Amino acid sequence: MAKRILLLVGDYVEDYEAMVPYQAMLSVGLSVDTIAPERKKGDTVPTAVHDFVGDQTYKETQGHRFAITADFDSVDPATYDGLYVAGGRAPEYIRLNQRVLDITRHFFNENKPVAAICHGIQVLTAAKVLAGRTLTAYVAVGPDIELAGGTWKNIAANEAIVDGNLVTSPAWPGHPAILSEFYKLLGIHIG
């Protein structure tokens, strides 16, 4: 039976940080359900593309519509083997949803594999699950990690950090690294 992954997104999730992991996980035989607060199976969320063009921060442009495959209100995290938290602008507001925090805490309380990328780490800071952890995130989220009791490491965008059941990467160039480490945490070995 395929391992089940819960992919947490919301409006204006970063396009690559939802689409790429979703498709990559499906390609290795994982069963992936996508959820977002206030969304049901068959709904979609808008995505945003973040890219650097020489300004002090990233530029945001409209992305695709990303399909939601499970009802947020009725999903049972106990039936999933791992959690993947995508980045973009979505985490800054979905972290205000108590159910998002409860779902996130379930995976940490049960020591199940968790992957979070870029701003997705904002969900983890709000869930108060980072005390004593070493991780990475988009540079602007570094202070949030420190305030939440974690240790932030500023690493290259194409790298990832593993600390116990948690793997993090600062941005979408890190997909190969974060996905490879997430698969290992799930007990899946490729190649």
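Located above this text is the structure these notes cover.
Below you will find a few notes about this structure. (Residues numbered from 1 in each chain as written. Predicted model: local features only at pLDDT ≥ 70, side-chain atom pairs only at ≥ 80, totals over all residues. Heavy atoms only, no water.)

1. Some remarks on helix α3 (residues 98-109)
Item 1. The terminal C-alpha atoms of α3, which comprises 12 residues, lie 16 Å apart, in line with the 16 Å expected from a rise of 1.5 Å per residue.
Item 2. Turning to α3, its buried residues are Val-100, Leu-101, Ile-103, Thr-104, His-106, Phe-107 and Phe-108.
Item 3. Capping the start of α3 is the job of one residue whose side-chain oxygen sits 2.9 Å from the backbone nitrogen of Arg-99: Asn-97.
Item 4. Backbone geometry just after α3 places Asn-111 at a positive phi near 55°. (Helix = DSSP H or I, 4+ residues; strand = E, 2+ residues; numbered from the N terminus. Expected span 1.5 Å × (residues − 1). Buried < 20%, exposed > 50% of the residue type's maximum accessible area, 1.4 Å probe, protein only. Polar contact = N/O pair within 3.5 Å; in protein donor to acceptor, adjacent residues only side chain to side chain.)

2. Section: the sheet that holds strand β3 (residues 31-35)
Item 1. The mixed open sheet is built from six strands, whose spatial order is β3-β1-β6-β7-β11-β10. Every interior strand has two partners, whereas the edge strands, β3 and β10 (161-163), have only one. Pairwise comparison of adjacent strand axes, ignoring direction, gives a mean angle of 20° for this sheet.
Item 2. Examined bridge by bridge, strand β6 (residues 82-85) and strand β7 (residues 114-117) share three bridges and lie parallel to one another. Each residue of the ladder has a partner; that of Val-85, found in β7, is Ala-116. (Pairing = 2+ DSSP bridges. Axes fitted to C-alpha atoms, helices over the stretch in contact; angles between N-to-C directions.)

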